[in-house]
Amino acid sequence: MGQLLNRILNLDNLREAWEEVAENRGMAGVDDVSIRRWRRTWEERLVNLARDVRANRYKPGKLRVRRIPKRVGNEYRTLRIPTVTDRVLQRAVLQVLYDSYEPLFLRCSFGYRPGKSLRNAVQYIIVQREAGFTWVLDADIDAFFDNVDQPLLLDLLAQQIGDAQLLLLIAGWLAQGRPKPDLARGIPQGSPLSPLLANVYLHPLDVGLTDGGWRPVRYADDFVAFATTQAEAEAAYRRTEALLADLRLRYEPTKTRISSFAAGFEFLGVLFEDDVYRYRWEDKLITVDDTTVDWLFGDYGPEY
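Every value quoted in this text rests on a predicted model; they were computed, and no experiment measured them.

Draft legend 1. Examining the overall build of the chain more closely. Tallying secondary structure elements over the chain gives 11 helices and 10 strands in all. Out of the 304 residues in the chain, the part that is buried amounts to 49%. With the model as given, the accessible surface of the chain reaches about 15,200 Å², and the carbon-plus-sulfur share is 47%.

Okay, here's the thing in structure tokens:
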């Protein structure tokens, strides 16, 4: 058994994972075992879970499917929710893989990472404007979570993870999360490990844009890329299209455009226009003059 999986199955790590899952609550999986029921024998369950994984007896359960409305419009997001047992093990994997991937990820990636938030992403966007990157590729990936190529994702994971048994575990979870059983595509939204897998898959996009001189800002599968001129923003469009094709992805054309701070654009529900940004909070539209905020540079100073 590999070193990574041994760390994952350490009882202290499993206990921490269980506590996180319990705190997040959430519904039971397809086995109808709730958090409350799991809690009655949690110590025994953790010991048995570690033993089953080590003995290759562990099998991921099927996923409970739920559709929830998106923030805007009449569209829905499909969640595929694992059992509590699978959530605990995935959380245990996540806690260990943070150490492997956090030093690798770029600072332009803000989604579902320790110590990063939407506030940080807003801050970073303002810094780009102050640095003269006033044009923006406002991009949208067509059905990202459904279209991730699973063999390619596993290849990307294998570049950083040298534990074959751990890779098999992740492959099993991915297989359960396929939109169609015979189609090796998709990352199941609703699983604790999915945000990290999304960041692993889109890391080459961050690298490609940054190396090209553009300034991307990404939050999971939502991203924008900043440039100093309209021509450079159009070049970012073409480069991003090629990078997405390498990842077996493509734009959602009706939601992708070239814009600027002068014309205005929206990112994760925040509208940026000239020197202000706006967002809704408790049904109120809040407008912030970002030239007056004292955290303008903070951790993301002019060198970025």
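Back to the text.
Draft legend 2. Structural view of the nonpolar core. Grouped together as the largest cluster of nonpolar side chains are 67 residues, with contacts concentrated most on L89, L166 and I170. Beyond its immediate stretch of four places on either side in the chain, L89 contacts I8, L9, L14, L49, V53, Y58, L169 and W173.

Draft legend 3. Just the side chain of Q165, in detail. Locating Q165 in the fold gives a position in helix α9 (residues 164–176). Given a relative accessible area of 19%, Q165 falls into the buried group.

Draft legend 4. Structural view of the side chain of T240. Tracing the chain through its elements places T240 in helix α11 (residues 230–246). With sequence-adjacent residues up to four places away left out, T240 is seen in contact with L137, L205, L209, F223 and Y251.

Draft legend 5. How the structure looks around the environment of P69. If you trace the backbone, P69 turns up in strand β1 (residues 64–69). With a relative accessible area of 55%, P69 lands in the exposed category. The contacts of P69, once residues within four sequence positions are left out, are E75 and Y76.

Draft legend 6. A look at the sheet that holds strand β6 (residues 257–260). Strand order across the open sheet formed by 4 strands is β4-β5-β3-β6, with antiparallel pairing between neighbours. Two strands bound the open sheet, and with one partner strand each, they are β4 (215–219) and β6. Here the average twist between neighbouring strands, direction ignored, is 25 degrees. In terms of strand pairing, β4 meets strand β5 (residues 222–227) through 5 bridges, oriented antiparallel.

Draft legend 7. Quick peek at the confidence of the model for the chain. With 90% of its residues at a pLDDT of at least 70, the chain reaches an overall mean of 90. Predicted confidence for residues 292–298 stays below pLDDT 50, and this span has 16 contacts to residues more than four positions away or in other chains. Contacts of residues 300–304 to residues separated by more than four positions or lying in other chains number 14 contacts, the stretch itself having pLDDT below 50.

Draft legend 8. Quick look at the packing of aromatic side chains. Scanning the model with the defined rule gives 13 aromatic pairs in all. Aromatic side chains F226 and F261 sit 5.7 Å apart centroid to centroid with 15 degrees between the ring planes, which places their arrangement in the stacked category. With a gap of 35 residues between them, F226 in strand β5 and F261 in the loop between β6 and β7 (265–267) connect regions that are remote in the sequence. F261 shares its class with F226; the two are buried.

Draft legend 9. Spotlight on the packing of helix α5 (residues 84–101) against α9. Here α5 crosses α9 at 130 degrees, and the two axes come no closer than 12 Å. By the angle class used here, α5 and α9 are oblique. The way α5 lies across α9 gives a crossing that is left-handed. Facing D86, L89, Q90, V93 and L97 of α5, the residues of α9 in contact are L166, L169, I170 and W173. Residues that form the contact of α5 with α9 fall into these classes: 7 nonpolar, 1 polar and 1 charged.

Draft legend 10. How the structure looks around the pairing of β4. Within β4, 5 of the 5 residues are buried, which leaves it mostly tucked inside the rest of the structure. What you see with β4 is no split at all: R215, V217 and Y219 on one side and P216 and R218 on the other are buried throughout. In this structure, the hairpin formed by β4 and β5 is closed by a connection of 2 residues, where A220 is found at a positive phi of approximately 60 degrees.

Draft legend 11. Region of the structure containing the environment of R37. Examined against the element boundaries, R37 turns out to sit in helix α3 (residues 35–40). With relative accessibility at 40%, the residue R37 sits in the partly exposed group. Separated by 47 residues in the primary sequence, R37 and V84 place their C-alpha atoms 9.9 Å from one another. Among all residues touching R37, those that are not within four sequence positions of it are D32 and R45.

Cut-offs and rules
Residues numbered from 1 in each chain as written. Predicted model: local features only at pLDDT ≥ 70, side-chain atom pairs only at ≥ 80, totals over all residues. Heavy atoms only, no water. Helix = DSSP H or I, 4+ residues; strand = E, 2+ residues; numbered from the N terminus. Buried < 20%, exposed > 50% of the residue type's maximum accessible area, 1.4 Å probe, protein only. Areas by Shrake-Rupley, 256 points an atom, 1.4 Å probe, with all protein chains shown as cover. Core = buried A, V, L, I, M, F, W, Y, C linked by side-chain atoms within 4.5 Å. Contact = heavy atoms within 4.5 Å. Pairing = 2+ DSSP bridges. Axes fitted to C-alpha atoms, helices over the stretch in contact; angles between N-to-C directions. pLDDT = per-residue confidence, 0-100. Phe/Tyr/Trp six-rings, centres within 6.5 Å; stacked < 30°, edge-to-face > 60°. Parallel < 35°, antiparallel > 145°, perpendicular 65-115°, else oblique. Left-handed = near helix turned anticlockwise from the far one by under 90°. Nonpolar A, V, L, I, M, F, W, Y, C, P; charged D, E, K, R; others polar.

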